[in-house]
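Letter by letter, the chains look like this.
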Amino acid sequence: MENFSNKVLEIIKQKAIKPRPKLYFWARDFVLWFLVVLSTFLGGLAFSLIILFAKFQQVGLSYPRPLGKLNWLLASIPYAWLIIFFLLISFIYFNLKHFRKSYKYPAYLLILTSLFGSVIIGFITVGFDGHRQINEEFSRRVPFYGPVFDARLNSWDRPNNGALAGKVESMGNSGFVLNDLHGHEWQIIFNNENNSSEKTREVKIGQKVIINGWPVESGVFLAEEVLPWEGCRGPCHLTCPSCSSPNKPKIELR
Amino acid sequence: MLQNPEDYSSKTDNELVSLTLGNQVFFAILMNRYSEKLARYVRRISNLSPEEIEDVLQDVFIKVYKNLNDFDQDLKFSSWIYRITHNQVISHHRAKSARPQMVEIDEALANRLRAEIDLNSEMASKDLQSKVSILLASLKPIHREVLVLRFFEEKSYEEISDILKKPNGSVATLIHSAKKELKEKYGKFQQ
């Protein structure tokens, strides 16, 4: 065996093999930590946006839907953010597995750790309203963000299912004119009766809103509930003080 | 070359690692300490030819030398070098797509395994050695590995966990399944 060890030492000398410096391993460990922290942070942001859309869609879910709530629910799930969230969790788990002592822990514990970190950061982001700002920034700066990531665009573009969204173009006596997400005009007949006097704000020209209601006829929509597009903390129904209460047409559910 | 290598034989593995980082000549003591053990271990989990075993061990020690600064002092050096050897054997198998026909064991080891797994004690020792050897070779690689580490290399559960990079619980489960598989195959073998 002494010959063997001399042979190996000879190869080490001939090929000028040297031990890798400590810095190499510190750099490797640092990169691993950095990737875990970064993915946890990004996972947290993704989670906060899932919460944003979930809270937002709650507003629509509690409202009766002519075509059924399941139909509306399936349209309102933020699939893209869910996929990104789970991809990031998988990435965190994959990197955690490469830590020196990770093998001592069962896989489910590593996965829970990955989830826990992102969920905590997600709730913190929601706490200071960061998720709303992030969503607005992405909507402004990222091409195709809306159609792919903004779950509201799909679910609130369903007037036949009692969900409409768009921008207020002008105000009238009985309501306002809305330019929907496709640029079509709607006459919105405002029903003030259902809005509580507490914590209501006035709808404004140029404001983006979502509306729960009923399609009366082509181009006419009865608004039972009007809310700001960006959502808000707590109840925040929009009302139109200058509108007179119309006679509510009778519409039957099928 | 070291003048008096015997003076360093009482040094611990960790001390020798530190000395090697200062002077590669000390690496020879570590190699002498581990080369036979590792050669036996490689033979038991793979049954490669002596030349192939030497090639594998050469790669192992060169890898160990290159990564000495990555050695975690909280770990036993033997667990670390066994881990590198285990990984190197897997790489070698992948390259050659080889599977062992027999695993080399001696009579004492065959009897130890028989006692552990409660095989038929009436079987003649001569038969037992070759049968156990063939049976071991027929096991799933991971089952063969844990049995070799536990009963032939006499590693603790903690050491096996460090070598195979699996939680302690998984090691216990693997040993249990390995014994079960060995018993089942022994039963079929007898038929």
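Use the structure listed above.
About the cut-offs
Residues numbered from 1 in each chain as written. Chains lettered and ligands numbered in written order. Predicted model: local features only at pLDDT ≥ 70, side-chain atom pairs only at ≥ 80, totals over all residues. Heavy atoms only, no water. Phe/Tyr/Trp six-rings, centres within 6.5 Å; stacked < 30°, edge-to-face > 60°. Helix = DSSP H or I, 4+ residues; strand = E, 2+ residues; numbered from the N terminus. Buried < 20%, exposed > 50% of the residue type's maximum accessible area, 1.4 Å probe, protein only. Pairing = 2+ DSSP bridges. Axes fitted to C-alpha atoms, helices over the stretch in contact; angles between N-to-C directions. Contact = heavy atoms within 4.5 Å. Patch = residues over 30% accessible without salt bridge, like charges linked within 9 Å, V, L, I, M, F, W, Y side chains within 5 Å. Areas by Shrake-Rupley, 256 points an atom, 1.4 Å probe, with all protein chains shown as cover. Salt bridge = Lys/Arg side-chain N within 4 Å of Asp/Glu carboxyl O.

K.L.:
Would you explain the packing of aromatic side chains in this entry?
P.N.:
We describe a pair of aromatic rings using the distance from one ring centre to the other and the angle between the two ring planes. Following the criterion strictly, the structure yields 20 aromatic pairs over all chains and no others. Relative to Phe123 of chain A, the ring of Phe47 of chain A has its centre 5.5 Å away and its plane inclined at 80 degrees; by these criteria the two rings are edge-to-face. With Phe47 of chain A in helix α2 (residues 22-61) and Phe123 of chain A in helix α5 (residues 107-127), the pair connects residues that are 76 residues apart, well separated along the chain. The class of Phe47 of chain A is buried, set by a relative accessible area of 17%. Judged by relative accessible area, Phe123 of chain A falls into the partly exposed class, the value being 48%. With 5.5 Å between their ring centres and 65 degrees between their planes, Phe85 of chain A and Phe86 of chain A make a pair best called edge-to-face. Cluster of aromatic residues (ring-pair linked, three or more members): Phe4 of chain A together with Phe27, Phe61 and Tyr65 of chain B.

K.L.:
Is there a simple way to explain the sheet that holds strand β5 (residues 208-217) of chain A in this structure?
P.N.:
Backbone hydrogen bonds hold the strands of a sheet together, and the pairing may be parallel or antiparallel. Residues and elements named next belong to chain A. Ordered in space as β1-β2-β3-β6-β5, the five strands form a closed barrel in which the pairing is mixed. Taking each pair of neighbouring strands and ignoring which way they run, the sheet shows an average axis angle of 55 degrees. Judged from the five bridges that link them, strand β2 (residues 175-180) and strand β3 (residues 185-190) form a sheet pairing that is antiparallel. By the bridge assignment for β3, Gly175 is matched with Ile189. Where α2 meets the sheet, it contacts β5 and β6 (220-228), and its direction lies at approximately 25 degrees from that of β5.

K.L.:
Which parts of the structure should I look at to understand a nonpolar patch on the surface?
P.N.:
All names here are of chain A. A grouping of Leu61, Leu70, Leu73, Leu74, Tyr79, Ile83 and Leu87 is seen on the molecular surface, where their side chains present a nonpolar patch of about 670 Å² in accessible area. When contributions to the nonpolar patch are tallied by element, the ones reaching two or more residues are α3 (69-76) and α4 (79-96). Relative to the elements of secondary structure, Leu61 occurs in helix α2.

K.L.:
Hey, could you run me through the pairing of β2 of chain A in this one?
P.N.:
Along a regular strand, successive side chains alternate from one face of the sheet to the other. Residues and elements named next belong to chain A. Most of β2 is tucked away: five of the six residues are buried. As paired strands, strand β1 (residues 163-171) and β2 are joined by five bridges and run antiparallel to one another. Looking at the pairing, Gly166 lines up with Asp180 of β2. Linking β1 to β2, which pair antiparallel, is a turn of three residues. Where β2 folds back on β3, the antiparallel hairpin that results is connected by four residues, among which Gly183 adopts a positive phi of roughly 90 degrees.

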